[in-house]
Amino acid sequence: MTIAAIGEWLNISLQYARIVAAVGVLLLCWIVYLVARYILLKIIDKVVEKTKTHWDDIFRKHRVFRRMVLVAPVLMLWFFADLFPGFQAFIQKICISLIVMISVSTLNGVLSAIEEIYGELPVSRERPIKGFLQIIKLIMVIFGLIVIVGVLIDRSPIYLLSGLGAMTAVLILVFKDTILSFVASVRVSTNGLIKIGDWISYPQHDADGEVIDMALHSIRIRNWDKTITTIPMHKLLDESFKNWQGMVETGGRRIMRSLSIDMNSIKFLDDDLLGRLSKVRLLEDYLRDKQAEIEAFNQQLKKETGKQGTSRRMTNFGTFRAYIAAYLRSLPVIRKDMTFLVRHLDPTPQGIPLQIYVFTNTTEWAKYEAIQADIFDHLLAVISEFDLRVFQEPSGWDWRGSR
């Protein structure tokens, strides 16, 4: 065998040896992956199941450990990249890029787990951090992409970051909604304007219900008709909304409703009506004190005593107002320590409004409506005992009596 033939044989053998070595490295990486996934992860799962805390279960739920073990085969390939002559630099770039991607993905899982753990704390309802974590995730993804691009084109990430200054206007335009939403999220969280579980009304977007989620870009509201309304976060700073949480925290819900009284039915109390109303238990104290007050006033007046135009006399309207106040005070479902008003408003062509302005001792919608309905059912039924009429637009039934 000649020297040339021996050299050619050695060259072919070296190429075969490199191919075998490359295949062996790929096979080794595959074995490392299998060991990490089916053995190491099993061990981690058993350890997680035995621990008393459930935080590690949340990390497992968000696949943090599963993503971490993916680094092992990639590191193995990067370590033996010199066994791929001509492709060593390319393989190392790919490996570094994969490591950056896995790291960013793992950190995203960690942040998601932190969000869920924080969501179990009572303070999370008042100070949600979902928007802040989404900003951090976005920054990590952008930084990861910059690093990957820098590795692939052999440029320092610092060099690429320095070029971002010229793209500031473009970035602001592209991420305008994200920036506005982030600012809104900071202000909402810092000032405690809204928190998860609050009842808010947002007429501009036909939203009226409970806040179920607050993210970076949007806030989700489950309306009372069970529909879901999604509102951009930055709209909270542009438009007004009403937060009912203060009412819920005080434990009292306002009743503000009026009865329109026909002004033609208002009159002074005559002896017959006074006698009938004197038998009403809720009016006993009022009528006794009021009669004593009026008699004392009329005695001091000493002029035109007994004349209807000058002497003071009780009216059925004022007595009915006193009855409503006494009736409401007798109800245990009405708060006595909060604003309590029974008043009449300015007369209108539809009568004179007699307004009730009180608070119930519950904020639950169904119970509140039942209390309010019971009160006005009673008042509408008892108003005729005072010879008063509720104003009502004439209907066909009203004209039947004139035939």
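Just above sits the structure.
Along each chain, residues carry numbers from 1 onward, in the same order as the chain's sequence is written. The predicted origin of the model limits local features to residues at a pLDDT of at least 70 and limits the giving and counting of side-chain atom pairs to 80 or more, whereas totals for whole chains, interfaces and linings rest on all residues. To get the side-chain values, take all heavy atoms of the structure and skip hydrogens and water.

Some thoughts on the overall build of the chain
1) Next: Helix and strand definitions follow DSSP, with helices as H or I runs of at least four residues and strands as E runs of at least two, each counted in order from the N terminus. Regarding its fold elements, the chain presents 16 helices and 8 strands.
2) Next: Working definition: with a 1.4 Å probe on protein chains only, accessible area under 20% of the residue-type maximum means buried, over 50% means exposed, and in between means partly exposed. By residue count, 33% of the 403 residues in the chain fall in the buried class.
3) Next: Summed over its atoms, the accessible surface of the chain is roughly 25,000 Å², and 62% of this surface lies on carbon and sulfur atoms. To be clear on the numbers: accessible area is Shrake-Rupley with a 1.4 Å probe, and residue cover counts the displayed protein chains and nothing else.

Focus: the sheet that holds strand 6 (residues 253-261)
1) Next: By the convention used here, strands pair only if DSSP detects at least 2 bridges between them. Taken together, the 3 strands give an open sheet; going across it, the order is 6-8-7, and neighbouring strands pair in antiparallel fashion. The open sheet is flanked by strand 6 and strand 7 (341-344), the only strands paired with a single partner. For this sheet, the mean inter-axis angle between neighbouring strands, taken without regard to orientation, is 15°.
2) Next: As paired strands, strand 6 and strand 8 (residues 352-360) are joined by 9 bridges and run antiparallel to one another. The residue of strand 8 that forms the bridge with Leu259 is Leu354.
3) Next: Any two residues whose heavy atoms approach within 4.5 Å at even a single point are treated as in contact. To define axes, lines are fitted to C-alpha atoms, for helices over the stretch in contact only, and angles between the resulting N-to-C directions are given on a 0 to 180 degree scale. Its contacts with the sheet put helix 14 (residues 316-329) on strand 6, strand 7 and strand 8, and the angle it makes with strand 8 is roughly 10°.
4) Next: Across the face of the sheet, helix 15 (residues 365-382) comes into contact with strand 6 and strand 8 while running at roughly 25° to strand 6.

Thoughts on the packing of aromatic side chains
Centre distance and the angle of the planes are the two values used to describe a pair of aromatic rings.
1) Next: The rule is short: rings of Phe, Tyr and Trp, with Trp giving its six-membered ring, pair when the centres are within 6.5 Å, and they are stacked under 30 degrees, edge-to-face over 60, tilted in between. Under the criterion given, the structure shown has 8 aromatic pairs.
2) Next: With centroids separated by 6.0 Å and ring planes inclined at 20°, the aromatic side chains of Tyr202 and Phe241 adopt a geometry described as stacked. Taken together, the positions of Tyr202 in strand 1 (residues 199-202) and Phe241 in the loop between helix 10 (235-238) and strand 5 (242-243) put the pair 39 residues apart, joining distant regions of the chain.
3) Next: Residue Tyr202 is classed as buried on the basis of its relative accessible area of 0%.
4) Next: You can call Phe241 partly exposed: its relative accessible area is 23%.
5) Next: Taking the centre distance of 6.2 Å and the plane angle of 50° together, the rings of Trp224 and Trp365 count as tilted. Separated by 141 residues along the polypeptide, Trp224 in the loop between strand 3 (218-223) and strand 4 (228-232) and Trp365 in helix 15 bring together distant segments of the chain.
6) Next: A relative accessible area of 35% means that Trp224 is categorised as partly exposed.

Describing helix 14
1) Next: Here a helix's expected span is defined as the number of its residues, less one, multiplied by 1.5 Å. Helix length check: helix 14, at 14 residues, gives a terminal C-alpha distance of 20 Å against a target of 20 Å (1.5 Å per residue), a fit within 8%.
2) Next: Within helix 14, 11 of the 14 residues are buried, which leaves it mostly tucked inside the rest of the structure.
3) Next: Of all the residues in helix 14, the buried ones are Asn316, Phe317, Gly318, Thr319, Phe320, Ala322, Tyr323, Ile324, Ala325, Tyr327 and Leu328.

Let's talk about the sheet that holds strand 5
1) Next: Strand order in the open sheet formed by 5 strands is 4-3-2-1-5, and the pairing between neighbours is antiparallel. Looking at the sheet topology across the chains shown, the edges are occupied by strand 4 and strand 5.
2) Next: Alignment of strand 3 against strand 4, held across 5 bridges, turns out to be antiparallel. Bridging from a neighbouring strand, Ile221 pairs with Thr229 of strand 4.

Topic: helix 12 (residues 271-278)
1) Next: Among all positions of helix 12, only Leu273, Leu274 and Leu277 are buried. One side of helix 12 holds all its buried residues, which, seen down the axis, span an arc of 100°. Structural note: helix 12 exposes Asp271 and Asp272 on the side pointing more than 90 degrees away from its buried face. As used here, the arc is the angular range of directions from the helix axis to the C-beta atoms.

Some points on a positive patch on the surface
1) Next: Side chains of Arg37, Lys42, Lys46, Lys50, Arg63 and Arg66 sit close together on the surface and give a patch of like positive charge.
2) Next: Residue contributions to the positive patch peak at 4 residues, all from helix 1 (residues 3-50).
3) Next: Tracing the backbone through its elements, the reader meets Arg63 in the loop between helix 2 (55-61) and helix 3 (64-68). Patch members must show over 30% relative accessible area and no salt bridge, and they are joined within 9 Å when carrying like charges or within 5 Å when they are nonpolar side chains of Val, Leu, Ile, Met, Phe, Trp or Tyr. By definition here, a salt bridge exists when the distance from a side-chain nitrogen of Lys or Arg to a carboxyl oxygen of Asp or Glu is within 4 Å. Asp and Glu count as negative and Lys and Arg as positive, but His and the ends of the chain are not part of the count. Taken as the charge centre is NZ of Lys, CZ of Arg, CG of Asp or CD of Glu, depending on the residue.

Topic: the pairing of strand 8
1) Next: For strand 8, the buried fraction is high: 9 of the 9 residues fall into the buried class.
2) Next: Neither face of strand 8 is left uncovered, since the one carrying Ile352, Leu354, Ile356, Val358 and Thr360 and the one carrying Pro353, Gln355, Tyr357 and Phe359 both have all their residues buried.
3) Next: Relative to strand 8, strand 7 runs antiparallel, the two sharing 4 bridges. Within strand 8, the position partnered with Arg343 by the bridge is Gln355.

Observations concerning the packing of helix 14 against helix 15
1) Next: Relative orientation of the contacting elements helix 14 and helix 15 amounts to 145°, with a least axis distance of 12 Å. Helix 15 is crossed by helix 14, and the crossing has right-handed handedness. Of the residues in helix 15, those in contact with Phe320, Tyr323, Ile324, Tyr327 and Leu328 of helix 14 are Asp374, Ile375, His378, Leu379 and Val382.
2) Next: Residues are grouped as follows: nonpolar covers Ala, Val, Leu, Ile, Met, Phe, Trp, Tyr, Cys and Pro; charged covers Asp, Glu, Lys and Arg; every other residue, Gly included, is treated as polar. Of the residues in the contact of helix 14 with helix 15, the class split is 8 nonpolar, 1 polar and 1 charged. Working rule for handedness: look at the near helix, and if it is turned counterclockwise from the far one by less than a right angle, call the crossing left-handed; if clockwise, right-handed.

Looking at the pattern of salt bridges
1) Next: Under the definition given, this model contains 9 salt bridges.
2) Next: A salt bridge links Arg276 to Asp387, with the shortest nitrogen-to-oxygen separation between them at 3.5 Å. Within this pair, whereas Arg276 is found in helix 12, its partner Asp387 is found in the loop between helix 15 and helix 16 (396-400), the two being separated by 111 residues in sequence.
3) Next: In this structure, Lys290 and Glu293 form a salt bridge, with 3.9 Å as the shortest nitrogen-oxygen distance. With a gap of 3 residues between them, Lys290 and Glu293 both fall in helix 13 (residues 284-301), about one helical turn apart.
4) Next: With relative accessibility at 38%, the residue Glu293 sits in the partly exposed group.

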